[in-house]
Amino acid sequence: MTEKEFYEKYSINSVIFPQYTSLHDLNPAEIRFEDRLRLFHDECIKYSNLNIADKSINLLYLPRSEKENFKPNDRKIPYQDEIKKFVLSKIKNSRIYDTDSVINFSEQINILNHSYNILSNYGSAFYVNGFFSNNSRLIIIDCRWPHHIQWPSMALLYNFIKGRNRIALIRPNVRLPFFLAYLWGITMLRFRRAQNPSHRK
């Protein structure tokens, strides 16, 4: 059965329960993982009806979700409440987007693509949102585990994201005042360039 025939047969009102597997157990080259990444990305973008006039959001903050987290990986992000307050009070043209309340993923993809700087935590928040971002700076906090170094499949996904964005990985032991100063600096630079186009590079 071809992929087209599969989707024609099962895409309407069907639930499919595939056999459990993990990318960590498979050879990415054998399953054409990189090709499938591109195909999945392009199909999602196509059905999201992207309408990007410009990067109107200076900083998009995606706080760690609190619902349906995998228990062994569930954790609290240090200073998350302080970061929220700082973003709302100090960063011009910023937005906090609560992914726990998302009901339309196409909307989320559009918001990501309108954002110049995107702040989230390391893990699935980075890999999912980074996957659908384009030409943005991804600021990733609480980087505890180098998945993109340990696993070939995650390295492919990381490089896919890196090929479309700039990535800043922030370690969990960074002191909050230094991080907020860094955040303020890069977002103010973006804001000033937007106000004065002659200074853009």
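Here, residues in each chain are numbered from 1, in the same order as that chain's written sequence. The predicted nature of this model means local features are confined to residues of pLDDT at least 70 and side-chain atom pairs, given and counted, to a pLDDT of 80 or more, with totals for whole chains, interfaces and linings taken over all residues. Side-chain measures were taken over the full set of non-hydrogen atoms in the model, leaving aside hydrogen atoms and water.

Caption draft 1: Summary view of the environment of R166. Helix numbers and strand numbers start at the N terminus; a helix is a DSSP run of H or I with at least 4 residues, a strand a run of E with at least 2. Within the secondary structure layout, R166 lies in strand β5 (residues 166-169). Type-normalised accessible area, obtained with a 1.4 Å probe on protein chains alone, sets the label of each residue: buried when under 20%, exposed when over 50%, and partly exposed for intermediate values. For R166, a relative accessible area of 36% gives the class partly exposed. Spatially, the C-alpha atom of R166 lies 8.6 Å from that of I139, the residues being 27 residues apart in sequence. In this description, contact between two residues means that some pair of their heavy atoms is separated by no more than 4.5 Å. In this view, R166 contacts Y116, N135, S136, R137 and L138; residues no more than four positions away in its chain are not counted. Side chain to side chain, R166 and Y116 meet in a polar contact 3.5 Å long. Between N or O atoms, a polar contact is any pair within 3.5 Å; within protein, one atom must be a potential hydrogen donor and the other a potential acceptor, and residues adjacent in sequence are included only when both atoms are from side chains.

Caption draft 2: Seen up close, the sheet that holds β5. Two strands are counted as paired when DSSP detects at least two bridges linking them. With parallel pairing, 5 strands are arranged side by side in an open sheet as β2-β1-β3-β4-β5. The sheet is open, and its two borders are formed by β2 (94-96) and β5, each paired with just one other strand. In this sheet, neighbouring strand axes are inclined to one another by 15° on average, regardless of whether the strands run parallel or antiparallel. As judged from the 4 bridges shared by strand β1 (residues 57-61) and strand β3 (residues 115-121), these two strands associate in the parallel manner. In the strand pairing of β3, L60 is matched with I118. Of the strands in this sheet, β1, β2 and β3 touch helix α4 (residues 105-113), which is tilted by about 115° from β3. For helices, the axis comes from a line fit to the C-alpha atoms of the stretch in contact; other axes are also lines fit to C-alpha atoms, and the angle between any two N-to-C directions lies between 0 and 180 degrees.

Caption draft 3: A look at the pattern of salt bridges. When a carboxyl oxygen of Asp or Glu is within 4 Å of a side-chain nitrogen of Lys or Arg, the pair counts as a salt bridge. A complete count under the given rule lists 4 salt bridges for this structure. D35 is the salt-bridge partner of R38, the closest N and O atoms lying 3.8 Å from each other. In this pair, R38 and D35 both sit in helix α2 (residues 33-47), 3 residues apart, roughly one turn of the helix. A relative accessible area of 43% means that D35 is categorised as partly exposed. A single salt-bridge network, built from bridges that share partners, covers R32, E34, D35 and R38.

So yeah, pure geometry; function would need other evidence.
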